[in-house]
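Fold and geometry: a report
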Amino acid sequence: MIYIVDNILNYFIYLFILYFGFRLRPRSQKIFLGLSVSVMLCAGGFNAYFDINSPAVYIFWSVLSISLFFEERLGHLLVLSAAIMYFTGIIDTFSVMLIQIVLIGGGAGTDITWWMETAYLLSFMIYLLIYLLLLRKNEVYLCDIQWKYRLALLIQGGIFQLFYNFVFVFFDENHAMYGWDAYAVFFISIAGAIYSVFLTLGLAIKNILSGRQNRELQSFMHMQKQQYDYQLQQSVAVRRFKHDLANHIGVLRELMNQKETEAAKAYIDTIWNIQEEFDLKIHTGDSFLDVIVNYYLYLAAKENVGVAVSGMLTGEMHLEMFDITVLMGNILQNAMEAAVKAVEPKIRIELVEHEKEIFIAVSNSIADKANTRNFFVTTKKDKGNHGFGLKNIVATVEKYHGEYYMETMVENGKAMFQISIAIPKENRV
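This text gives an overview of the structure that appears in the document.

So, how was this worked out
- Residues numbered from 1 in each chain as written.
- Predicted model: local features only at pLDDT ≥ 70, side-chain atom pairs only at ≥ 80, totals over all residues.
- Heavy atoms only, no water.
- Salt bridge = Lys/Arg side-chain N within 4 Å of Asp/Glu carboxyl O.
- Helix = DSSP H or I, 4+ residues; strand = E, 2+ residues; numbered from the N terminus.
- Buried < 20%, exposed > 50% of the residue type's maximum accessible area, 1.4 Å probe, protein only.
- Phe/Tyr/Trp six-rings, centres within 6.5 Å; stacked < 30°, edge-to-face > 60°.
- Pairing = 2+ DSSP bridges.
- Right-handed = clockwise from strand over helix to strand, strands pointing away.
- Axes fitted to C-alpha atoms, helices over the stretch in contact; angles between N-to-C directions.
- Lys, Arg positive; Asp, Glu negative; His and termini not counted.
- Contact = heavy atoms within 4.5 Å.

Scanning the model with the defined rule gives six salt bridges in all. The partner of Glu71 in a salt bridge is Arg25, with the nearest N and O atoms 4.0 Å apart. Of this pair, Glu71 sits in strand S2 (residues 70–71) while Arg25 sits in strand S1 (residues 25–26), and the two are 46 residues apart along the sequence. The partly exposed category is assigned to Glu71, whose relative accessible area is 28%. Given a relative accessible area of 57%, Arg25 falls into the exposed group. Linking Lys391 and Glu139 is a salt bridge whose minimum nitrogen-to-oxygen distance equals 4.0 Å. Here the residue Lys391 occupies a position in helix H11 (residues 389–399), and Glu139 occupies one in the loop between helix H5 (115–138) and helix H6 (147–173), the gap between them amounting to 252 residues. One salt-bridge network, in which partners are shared between bridges, spans Arg348, Glu350 and Glu411.

What follows covers the packing of aromatic side chains. In total, this model carries 14 aromatic pairs according to the counting rule given. With a centroid separation of 6.2 Å and 40° between ring planes, the pair formed by Tyr14 and Trp61 is classed as tilted. One end of the pair, Tyr14, is in helix H1 (residues 2–21); the other, Trp61, is in helix H3 (residues 55–69), and 47 residues separate them in sequence. Of the two residues, Tyr14 and Trp61, neither departs from the other in class, the shared state being buried. Aromatic pair Phe16 and Phe20: ring centres 5.0 Å apart, planes at 40°, arrangement tilted. In this pair, Phe16 and Phe20 are both assigned in helix H1, four residues apart and thus about one turn of the helix distant. Looking at Phe16, the relative accessible area reads 13%, which means it is buried. Overall, Phe20 belongs to the partly exposed group, its relative accessible area being 28%.

Note on strand geometry: in a regular strand, side chains alternate between the two faces of the sheet. Strand direction decides the pairing type here: strand S6 (residues 403–411) and strand S7 (residues 414–424), joined by nine bridges, are antiparallel. Bridge assignment links Met409 to a residue of S7, and that residue is Met416. Hairpin remark: S6 followed by S7, antiparallel, with two residues in the connecting loop; positive phi at Asn412, about 55°.

Further remarks concern the pairing of strand S3 (residues 306–310). By the bridge criterion, five bridges tie S3 to strand S4 (residues 346–353) in an arrangement that is parallel. Following the sheet pairing, Ser310 is matched in S4 by Glu350. With helix H10 (residues 321–339) bridging S3 and the parallel S4, this β-α-β connection has left-handed handedness.

With that settled, consider the sheet that holds S4. Taken in spatial order, the five strands make up an open sheet running S3-S4-S5-S7-S6, and their pairing is mixed. The open sheet has two edge strands, S3 and S6, and neither has a second partner. When strand polarity is set aside, the average angle formed by the axes of neighbouring strands in this sheet is 15°.

By secondary structure assignment, the location of Asp286 is in the loop between helix H8 (261–278) and helix H9 (287–302). One buried charge, Asp286, has no salt-bridge partner; the nearest side chain with opposite charge is Lys425, at 12 Å. In contact with Asp286, not counting residues within four places along its chain, are Leu313, Gly315, Glu316, Met317 and Ile324.

Further remarks concern unusual backbone geometry. You will see that Asn304, though not glycine, has its phi angle at about 60°, which is positive. Looking at where Asn304 falls in the secondary structure, it is placed in the loop between H9 and S3. Overall, Asn304 belongs to the exposed group, its relative accessible area being 65%. Positive phi is not limited to glycine here, since Asn412 has a value of about 55°. Following the sequence through the fold, Asn412 ends up in the loop between S6 and S7.

Set out below in structure tokens:
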């Protein structure tokens, strides 16, 4: 029975690390999940029947059960299985030693049948703390960590295990000649080894967060440069128009002097059309928002994406210019990227102002109905450099104590995605 319990505890630890740490998805077919559990239980029954704990059986059922449970490339699963078995074996060893130190120091001996199960629970607490304090807290997962840090953890743990195995055997054989102080030092050193794992992971996570911040800043700077270039083009067009304005007025004066009324009207229409090319097409009520919306209107025209804007604000929003760019820039950029893939590309922007709140809703056509439960997972191949847009939108909305809602819908038989934002008027940042 003890072997089956061992297998079950190991199995749950593997599933926990792969699902919550590496974000792997379980298979949708229940038959594979059932086979995965069956393989694990059969291996435990085999060990119980022959009263052995064969490493070959352990490796076989671990790799096979993991491969059956998760949807992933087989080669990747094999590497992950081997690495997880190795790493969890190290942590289990530390946990066993922590328990045995107390037992040996207390004079109870080492012949105890339940300490492995207790060690598994202690190990699981370590994995749970890593997940809660490091991974989920920072929205960074083991699949995001660079290979050099993963390899460092394995090498670091292996060195610690070799050292503690040697020292522990020496302590075990000579425990009668040592006092509590020696065991306390050994206990603290093992706790320090586990803490070093947290430090290494913390360093890896800080590196990832720093890279994210740099990429977000680069994305913001790129967005700002694109808007600046657009404004520069408009400014050049205005200067050209002003430079030729005197000549245009001279031509009109001459036409009027010659009583060429129809020709003068046609010339005025020509000048008016030129002026409309650099005039802002959309006025939202917020000057900086005008720049962003008109910039994406310009891009949409180049991509043959229809844009409709309804509503208008009565004055400037209280958001900082940086936050307006992050919020609306990311919303409209995502809308553009999705709309161009649709059969009928279109974007709709709705502005509604109430007494205490400003509502902004942006809808765009999409190629297929999106999965609203998985908005924050990028569909782009370069997942390390993408996927921040929606997170930045949410962070900006929350900064101003606002609310957001995302949904997919069907309009006239076409799939649409919509993000709705409500931001209080008063500044409570």
